[in-house]
Amino acid sequence: MDYFKIILPTGQNDYLCRTMLDGELCVLHLSYNSTGDFWTIGFCNDEGEPIVDGIRLVPNFPLNVWYTSYSVPQGALVVLSTEERITRYSFDDGSASLCYIPTGELLE
């Protein structure tokens with residue numbers, strides 16, 4: 001199964017990331033919650049307004065599986081990691097990677 005890694009800026013705890021998913025521009029909002037020590041992700045429109053937001057990042061599970069009826073990419077957005085949980089620095093230290101499995105790969 002082919003997937004690609006989404007390059008994230010390092011050292012930031014709240015940002016918008018623009019990337020191409022399934023051939024369309026997608027705006028992702030990543031935010032770190034310091035009180036709960038977890039990351040969330042959301043899908044935004046071109047202006048950065050939320051379509052779906054507040055999805056907690058957990059390792060090795062399709063994060064958008066429950067949101068396919070919304071205007072979001074239909075492939076699987078996954079955090080690949082050998083760790084049990086995603087920490088503030090998991091993306092910075094390389095122990096976690098945000099990846100996308102295109103729709104076509106899921107159907108094979």
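What this report covers is the structure whose coordinates are included nearby. (Residues numbered from 1 in each chain as written. Predicted model: local features only at pLDDT ≥ 70, side-chain atom pairs only at ≥ 80, totals over all residues. Heavy atoms only, no water.)

### Side note on the overall build of the protein
Each helix and strand in the protein was counted, giving 1 helix and 7 strands. Listed N to C, the secondary structure of the protein is β-β-β-β-β-β-β-α in terms of helices and strands. In terms of C-alpha radius of gyration, the protein reaches 13 Å, essentially the compact-globule figure of 13 Å for 108 residues. Along the first, second and third principal axes, the C-alpha set of the protein runs to 35 × 30 × 20 Å. Restricting to contacts in the protein with at least 6 residues of sequence separation, those with at least 24 account for 39%. Entry remark: accessible area of the protein is about 6200 Å², with carbon and sulfur atoms responsible for 50%. For the protein, the separation between the mean place of its 5 positive charges and that of its 15 negative charges on side chains is 9 Å. (Helix = DSSP H or I, 4+ residues; strand = E, 2+ residues; numbered from the N terminus. Rg over C-alpha atoms; globule rule 2.2 N^0.38 Å. Contact = heavy atoms within 4.5 Å. Areas by Shrake-Rupley, 256 points an atom, 1.4 Å probe, with all protein chains shown as cover. Lys, Arg positive; Asp, Glu negative; His and termini not counted. Charge placed at Lys NZ, Arg CZ, Asp CG, Glu CD.)

### A few points about the pattern of salt bridges
Close approach of charged atoms lets side chains of opposite charge pair. For the coordinates displayed, the defined rule picks out 1 salt bridge. The closest approach of N and O atoms between Arg85 and Asp37, which form a salt bridge, is 2.3 Å. One end of the pair, Arg85, is in the loop between strand S6 (76-81) and strand S7 (96-101); the other, Asp37, is in the loop between strand S3 (24-33) and strand S4 (38-44), and 48 residues separate them in sequence. (Salt bridge = Lys/Arg side-chain N within 4 Å of Asp/Glu carboxyl O.)

### Quick word on the nonpolar core
Note that soluble globular proteins tend to have their nonpolar side chains buried in a common cluster. Among the nonpolar cores identified, the biggest contains 24 residues, and Ile6, Leu28, Leu30, Ile41, Phe91 and Leu98 are the most heavily contacted of them. Among the elements of the structure, strand S2 (14-21), S3, S4, strand S5 (50-56), S6 and S7 are those that each provide at least two residues to this core. If one sorts the elements of this core by residue count, S3 sits on top with 4 residues. Sequence-distant contacts of Ile41, defined by excluding residues within four places in its chain, comprise Leu28, His29, Leu30, Asp53, Gly54, Ile55, Leu57, Leu63, Leu77 and Leu98. (Core = buried A, V, L, I, M, F, W, Y, C linked by side-chain atoms within 4.5 Å. Buried < 20%, exposed > 50% of the residue type's maximum accessible area, 1.4 Å probe, protein only.)

### Observations concerning unusual backbone geometry
Despite not being glycine, Asp37 shows a phi value in the positive range, around 55°. For Asp37, a relative accessible area of 22% gives the class partly exposed. Not every positive phi belongs to a glycine, and Asn60 is a case in point at roughly 60°. Position of Asn60 among the secondary structure elements: in the loop between S5 and S6. For Asn60, a relative accessible area of 46% gives the class partly exposed.

### Considerations on the sheet that holds S3
Either a parallel or an antiparallel arrangement is found when strands of a sheet pair, and the pairing is made through backbone hydrogen bonds. Strand order in the open sheet formed by 4 strands is S2-S3-S4-S5, with antiparallel pairing between adjacent strands. With one partner strand each, in any of the chains shown, S2 and S5 form the two edges of the open sheet. For this sheet, the mean inter-axis angle between neighbouring strands, taken without regard to orientation, is 25°. In this structure, S2 lies alongside S3, joined through 8 bridges in antiparallel fashion. Bridged to Met20 within S3 is Leu25. (Pairing = 2+ DSSP bridges. Axes fitted to C-alpha atoms, helices over the stretch in contact; angles between N-to-C directions.)

### Points about the side chain of Ser81
Counting through the fold element by element, Ser81 comes out in strand S6. Residue classification places Ser81 among the buried residues on the basis of a relative accessible area of 10%. A polar atom in the side chain of Ser81 sits 2.7 Å from the backbone oxygen of Ser95. (Polar contact = N/O pair within 3.5 Å; in protein donor to acceptor, adjacent residues only side chain to side chain.)

Shape is all these values report; function is a separate question.
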